[in-house]
Number of protein chains: 2
Amino acid sequence: MKQLKLSNQLCFSFYALSRLVTSHYQPLLGPLDLTYPQYLVMLVLWEHDIVSVKTLGQQLMLDSGTLTPLLKRLETKKLIKRVRSKEDERSVNIHLTAAGRQLQQEAADIPEKISCSMGFTEKEYDTLKPMINNILKRHADE
Amino acid sequence: MKQLKLSNQLCFSFYALSRLVTSHYQPLLGPLDLTYPQYLVMLVLWEHDIVSVKTLGQQLMLDSGTLTPLLKRLETKKLIKRVRSKEDERSVNIHLTAAGRQLQQEAADIPEKISCSMGFTEKEYDTLKPMINNILKRHADE
DNA sequence: TGGAATTTAATTGTACACAATCTAATTTTA
DNA sequence: TAAAATTAGATTGTGTACAATTAAATTCCA
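About the cut-offs
- Residues numbered from 1 in each chain as written.
- Chains lettered and ligands numbered in written order.
- Predicted model: local features only at pLDDT ≥ 70, side-chain atom pairs only at ≥ 80, totals over all residues.
- Heavy atoms only, no water.
- Contact = heavy atoms within 4.5 Å.
- Buried area = accessible area lost by both parts, 1.4 Å probe.
- Salt bridge = Lys/Arg side-chain N within 4 Å of Asp/Glu carboxyl O.
- Polar contact = N/O pair within 3.5 Å; in protein donor to acceptor, adjacent residues only side chain to side chain.
- Helix = DSSP H or I, 4+ residues; strand = E, 2+ residues; numbered from the N terminus.
- Nonpolar A, V, L, I, M, F, W, Y, C, P; charged D, E, K, R; others polar.
- Near = heavy atom within 4 Å.
- Buried < 20%, exposed > 50% of the residue type's maximum accessible area, 1.4 Å probe, protein only.
- Disulfide = S-S within 2.5 Å.

Colleague: Is there a simple way to think about the interface of chain A and chain B in this case?
Modeller: In this assembly, 54 residues from chain A lie in contact with 55 residues from chain B. The junction of chain A with chain B conceals about 5,200 Å² of combined surface from both sides, 68% of it contributed by carbon and sulfur atoms. The largest share of the area that chain A buries against chain B comes from Asn8(A), Leu10(A) and Tyr15(A), three residues that together contribute 11% of it. Viewed at the interface, chain B and chain A are joined by 2 salt bridges. The shortest N-O distance in the salt bridge between Glu124(B) and Arg138(A) comes to 2.8 Å. At the surface where chain A touches chain B, the tally comes to 23 residue pairs in polar contact (both at pLDDT 80 or more). Going through the elements one at a time, α1 (2-29), α2 (36-48), α3 (53-60), α6 (110-118) and α7 (122-138) of chain A are the ones with two or more residues in the side of chain A that touches chain B. The element that contributes the greatest number of residues to the side of chain A that touches chain B is α1(A), accounting for 21 residues. Classifying every residue of the side of chain A that touches chain B by side-chain character gives 30 nonpolar, 14 polar and 10 charged.

Structure, rendered in C-alpha cells:
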C-alpha cells in the first residue's frame, strides 16, 4: 500500500533532479550563449562533425518538433549549418561550422565544472550511472 | 580524465529519465485532461485542500512564472479556485473545488499504474530514492 | 512613525517538449 | 511499375520552465 506512493515520489524526484541539473548548467553555458539542450547537440557534433537530424533525435531522444527550431537557432548563431542530403532528400545533415568547432575550446572545462557544481560522490556515480542507464535502456523503444 | 565526461553523461541520463517519466504519465493523465505538472499540483491539493502559491512553489520547486499560468489553466477547468489571502494580500491561496476533489477518485490508480509502467525493481526503489533525495536536499537552497 | 528593504504574485520574453498533422521523398509490394 | 506504405523533417498548437522585471503589500528599523 505504502509502496504505491513511492513510484510517484521517485518519479517526482527524477523530474526535480532534471531541473536541478539544468539550473547548474545555466551559469556555465550562459556565457557561451548556449542552452542545455543546445549544448547536448554541440556535444554530439564535436564528436562527429556531421550528423543527420534523425541520428541526433535518436541520440538525444528528441523529436523534430523540438530539434527543428533548436537547430535553426544554432544555425542563426553560425555554429552549425543545415544541409539537405543529396543521397536522400528527406534527410537533413547538420554540419559543424568553424565557429562551432571553435566553441569546443571554450566549453572544454564544463564537464569538470558541472561535476564540481553537482558534487556527485564516487558512490553516486558508480551506483546511479548503471542503474539509470538500465532504466533508460529497458524503455529504449518508446 | 575519463571521469570528467561522466558527470556530463550522468546529467544527460537525468534529463532523459525525467522526460521518460513524463511520457509514461501522459497516457494515464490524458484521460483526466491533466499534464504531469498539473497532476503534481493536484497531488498537493488532495493532501491539503488549501495551499498558497508560495508553498506550492516550494514543494514543487517551481516559480510563479511557471505556476501562475498553470494554476489559471486548472482554474479554467474548475478544479481549483485562486483566492487572494485576506491576512496577507500579497499571497494567493489555491482552493480545491468539489470537481477537484472528485478527480482524486479517478486518479486513484495512477500510482499503481505508473509503478507498473516504469517497472522499477525493489532494489531500484531502495537505492535511488534516498540517493537522489540526498542530491536534491544538498542543493535545497538554490 | 515613515521610508527602505523585503516578500509575493503577475507579467514579459525566450526556449524547450511533444502530440498531431502535413509534405515530400523513398521503399514496398501487389 | 504504379499505388500503398513508410520515412524524414517541418509545422502548428498547447503547455511548461525560467530569467528578469514589475507592482503591490508587508516588514524592518533608524
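Colleague: Would you mind going over the protein's contact with DNA strand C with me for this structure?
Modeller: Residues in close proximity to DNA strand C total 27 residues, the closest being Thr35(A), Gln38(A), Arg73(A), Tyr15(B) and Lys72(B). Protein-adjacent atoms of DNA strand C, using a 4 Å cutoff, are sugar or phosphate at a proportion of 81%. In the model, a phosphate oxygen of DNA strand C is placed 2.7 Å from a nitrogen or oxygen of the Gln38(A) side chain. Contact between DNA strand C and Thr68(B): a phosphate oxygen at 2.8 Å from a side-chain N or O atom of the residue. Of all the secondary structure elements, the ones that give two or more residues to the surface near DNA strand C are α2 and α4 (64-76) of chain A together with α1 (2-29), α3 (53-60), α4 (64-76) and β2 (80-84) of chain B. Across the surface near DNA strand C, the residue classes tally to 6 nonpolar, 9 polar and 12 charged.

Colleague: Help me understand unusual backbone geometry, please; the structure alone is not making it clear to me.
Modeller: Backbone phi values are negative for most residues with the exception of glycine, while trans is the configuration of most peptide bonds. Residues and elements named next belong to chain B. Phi angles above zero are rare outside glycine, and Asp-49 is one such case at about 70 degrees. Mapped onto the secondary structure, Asp-49 falls in the loop between α2 (36-48) and β1 (50-52). Of note, Lys-78 is a non-glycine position whose phi angle comes to about 65 degrees, a positive value. Structurally, Lys-78 is set in the loop between α4 and β2. According to the relative accessible area criterion, Lys-78 is exposed, its value standing at 58%.

Colleague: Help me understand the state of the cysteines, please; the structure alone is not making it clear to me.
Modeller: Chemically, a disulfide is nothing more than a covalent bond linking the sulfur atoms of two cysteines. Per the counting criterion, the structure on display carries 0 disulfides over all chains. In this structure Cys116(A) is a free cysteine whose sulfur lies 12 Å from that of Cys11(B), the closest cysteine sulfur available. Using a relative accessible area of 65% as the deciding quantity, one classes Cys116(A) as exposed.

Colleague: Whenever I open this one, the protein's contact with DNA strand D confuses me. Can you help?
Modeller: The environment of DNA strand D is made up of 27 residues, and the closest members are Tyr15(A), Thr68(A), Lys72(A), Thr35(B) and Gln38(B). Expressed as a percentage, the sugar and phosphate content of the atoms of DNA strand D within 4 Å of the protein is 80%. The side chain of Lys72(A) places a nitrogen or oxygen atom 2.6 Å from a phosphate oxygen of DNA strand D. For DNA strand D, a phosphate oxygen lies 3.1 Å from a polar atom in the backbone of Glu89(B). Those elements that place two or more of their residues in the surface near DNA strand D are α1, α3, α4 and β2 (80-84) of chain A together with α2 and α4 of chain B. Counted by class, the surface near DNA strand D contains 6 nonpolar, 9 polar and 12 charged residues.

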